[in-house]
Amino acid sequence: MADDRPDARPLSPSTVAVTAGRPRHEADQPLNHPITMASTFVGGGEREYGRSGNPTWEAFEDVLGRLEGGRALAFSSGLAAVSTVLDLMGQGALVVAPDAAYQGSLAQIADLELRGRLVSRLVDIADTDAVLAALDEDVALVWVESPTNPNLDVADLERICTRAHEVGAYVVVDNTFATPLLQQPITAGADIVVHSATKYLSGHSDVLLGALVTADEQLYPVLRQRRELQGSTPGTLEAWLATRGLRTLHLRVERAQANAMELARRLDEHPAVARVRYPGFGCIVSIELAAGPLAADLLTRKTRLWVFATSLGGVESTLERRRRWKGESQHVSEALVRLSVGVEDVEDLWADLGAALDGLVEVVTDRG
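Residues numbered from 1 in each chain as written. Predicted model: local features only at pLDDT ≥ 70, side-chain atom pairs only at ≥ 80, totals over all residues. Heavy atoms only, no water.

We now examine the overall build of the protein chain. Secondary structure assignment for the protein chain yields 13 helices and twelve strands. Each principal axis of the C-alpha atoms in the protein chain carries an extent, and together these give about 75 × 55 × 40 Å. Split into buried and exposed, the 368 residues of the protein chain put 53% on the buried side. Contacts in the protein chain between residues at least 24 apart in sequence constitute 66% of all its contacts with a sequence separation of at least 6. On the protein chain, roughly 16300 Å² of surface is accessible, and the fraction owed to carbon and sulfur atoms is 51%. Distance from the positive charge centre (35 side chains) to the negative charge centre (51 side chains) of the protein chain: 4 Å. (Helix = DSSP H or I, 4+ residues; strand = E, 2+ residues; numbered from the N terminus. Buried < 20%, exposed > 50% of the residue type's maximum accessible area, 1.4 Å probe, protein only. Contact = heavy atoms within 4.5 Å. Areas by Shrake-Rupley, 256 points an atom, 1.4 Å probe, with all protein chains shown as cover. Lys, Arg positive; Asp, Glu negative; His and termini not counted. Charge placed at Lys NZ, Arg CZ, Asp CG, Glu CD.)

What follows is the structure, given as structure tokens:
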């Protein structure tokens with residue numbers, strides 16, 4: 001548990017990840033909150049029914065809230081968290097969003113627009129001038145993802161938040177890729193932070209979970225009520241696993257980021273790679289292959305250590321050609337392969353990936 005003495009030095013994020021969300025340090029107390037399997041609680045308190053709250057969720061929410069600088073709410077999935085925010089928009093609300101970002105978020109926005117619920121205005125989130133120009137008095141919500149999935153474009157959060165608030169719009173930032181260790185959007189002015197906790201927060205590819213974080217004391221009860229009314233509550237076991245995953249978030253991100261930086265450097269020099277997309281931080285590297293989409297598909301099937309998989313953020317390294325999905329943004333290259341770099345030995349990762357890339361060069365040379 002964090003030290004709450006008024007004269008105590010603020011704890012570092014890595015210490016918060018380890019110490020927050022735990023029972024009080026008292027004799028015979030467990031170090032971790034136990035898994036509370038309960039659909040019903042004795043009446044007269046705040047919970048009453050299992051959809052209203054659970055001590056196991058609250059431990060996870062405590063850790064994440066402290067890391068992000070707000071109050072967190074856990075959801076059954078990242079998309080459940082996304083839909084909760086979008087559901088708050090009034091009929092015909094105008095939403096500004098990236099033209100290339102997480103497919104699920106953009107799909108929800110497109111679906112709501114198709115049904116007449118809202119209107120979208122898509123922008124290149126890395127072109128700050130274009131984003132600011134899109135923010136007029138009609139905008140109700142600005143949806144930001146930074147870095148974006150999978151192009152890894154980075155937004156100027158402070159300038160976007162400042163302008164959005166000037167026109168009376170809310171700002172939501174998907175912080176899944178950066179994690180609260182590398183970026184805290186609330187400090188830049190964001191109203192709500194979104195996480196697919198399935199990814200880095202849990203970190204072991206065994207949990208489906210989402211989260212929202214806000215420092216706005218008026219927004220928090222609204223979001224909590226929407227979670228309860230929609231029934232998008234997390235599983236107890238999933239919340240417990242996610243809390244356990246958070247305990248090592250700093251260690252995993254530090255190792256995976258170091259691996260990603262080194263791999264990005266080597267990939268930039270490989271003849272099979274036309275472009276490396278890496279913002280200089282984080283654990284995701286995207287590459288565009290010189291030989292096009294067929295080579296990208298072949299790469300995902302030629303590795304032995306790297307796993308061909310659509311999710312990311314686990315301890316293991318995975319890769320995927322994103323445009324194999326029909327719903328992926330047209331602003332994503334057909335030849336792009338997204339690499340989710342894990343915590344394995346970097347030399348082993350490069351030996352596997354480099355050999356697969358070398359094989360692609362040989363195939364292209366033979367065909368040429």
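Our focus in this paragraph is the pairing of strand β9 (residues 284-289). Within β9, six of the six residues are buried, which leaves the element mostly enclosed by the surrounding structure. Of the pairings in the sheet, the one linking strand β8 (residues 273-277) to β9 comprises four bridges and is antiparallel in character. When the bridges of β9 are listed, V276 appears paired with I287. The hairpin turn running from β8 into β9, its antiparallel successor, is six residues long, and G280 in that turn takes a positive phi close to 95 degrees. The pairing of β9 with strand β12 (residues 336-340) spans five bridges and is classified as antiparallel. Looking at the pairing, E288 lines up with L336 of β12. (Pairing = 2+ DSSP bridges.)

The subject of this paragraph is the packing of helix α3 (residues 78-86) against helix α4 (residues 103-114). For the pair α3 and α4, interaxial distance at closest approach is 10 Å and the crossing angle is 35 degrees. In the crossing of α3 with α4, the sense of the turn from one axis to the other is right-handed. On α4, the residues touching L79, V82, S83 and L86 of α3 are G104, S105, Q108, I109 and L112. (Axes fitted to C-alpha atoms, helices over the stretch in contact; angles between N-to-C directions. Left-handed = near helix turned anticlockwise from the far one by under 90°.)

All right, on to the sheet that holds strand β3 (residues 118-123) then. Pairing is mixed in the open sheet, where seven strands are placed in the order β1-β7-β6-β5-β4-β2-β3. Two strands bound the open sheet, and with one partner strand each, they are β1 (71-75) and β3. Within this sheet the neighbouring strands show an average axis-to-axis angle of 20 degrees, counted without direction. Sheet analysis places strand β5 (residues 170-174) next to strand β6 (residues 192-196), joined by three bridges and oriented parallel. Opposite V172, over in β6, you have I192 as the bridge partner. Across the sheet, helix α9 (residues 219-230) is in contact with β1, β5, β6 and β7 (210-214); its angle to β1 comes to roughly 10 degrees.

One open sheet holds the five strands; their spatial order is β8-β9-β12-β11-β10, and the pairing between them is mixed. The open sheet has two free edges, formed respectively by β8 and β10 (307-308), since each of these has just one partner strand. The strands touched by helix α11 (residues 249-267) within the sheet are β8, β9 and β12, with β9 carrying the most contacts at an inclination of about 15 degrees. The strands touched by helix α12 (residues 293-302) within the sheet are β9, β10, β11 (318-321) and β12, with β11 carrying the most contacts at an inclination of about 155 degrees.

Per the counting criterion, the structure on display carries zero aromatic pairs. The ring of Y220 is capped by R71, whose NZ or CZ atom sits 3.7 Å from the centre of that ring. (Phe/Tyr/Trp six-rings, centres within 6.5 Å; stacked < 30°, edge-to-face > 60°. Lys NZ or Arg CZ within 6 Å of the ring centre and 35° of its normal.)

So, on to the side chain of E145. Mapped onto the secondary structure, E145 falls in strand β4 (residues 139-145). Buried charge without a partner: E145 forms no salt bridge, and the closest opposite charge is R338, 8.3 Å away. A polar contact is formed between the side chain of E145 and the backbone nitrogen of Y102, at a distance of 3.0 Å. In terms of polar contacts, E145 uses its side chain to reach the backbone amide nitrogen of N149, at 2.7 Å. (Salt bridge = Lys/Arg side-chain N within 4 Å of Asp/Glu carboxyl O. Polar contact = N/O pair within 3.5 Å; in protein donor to acceptor, adjacent residues only side chain to side chain.)

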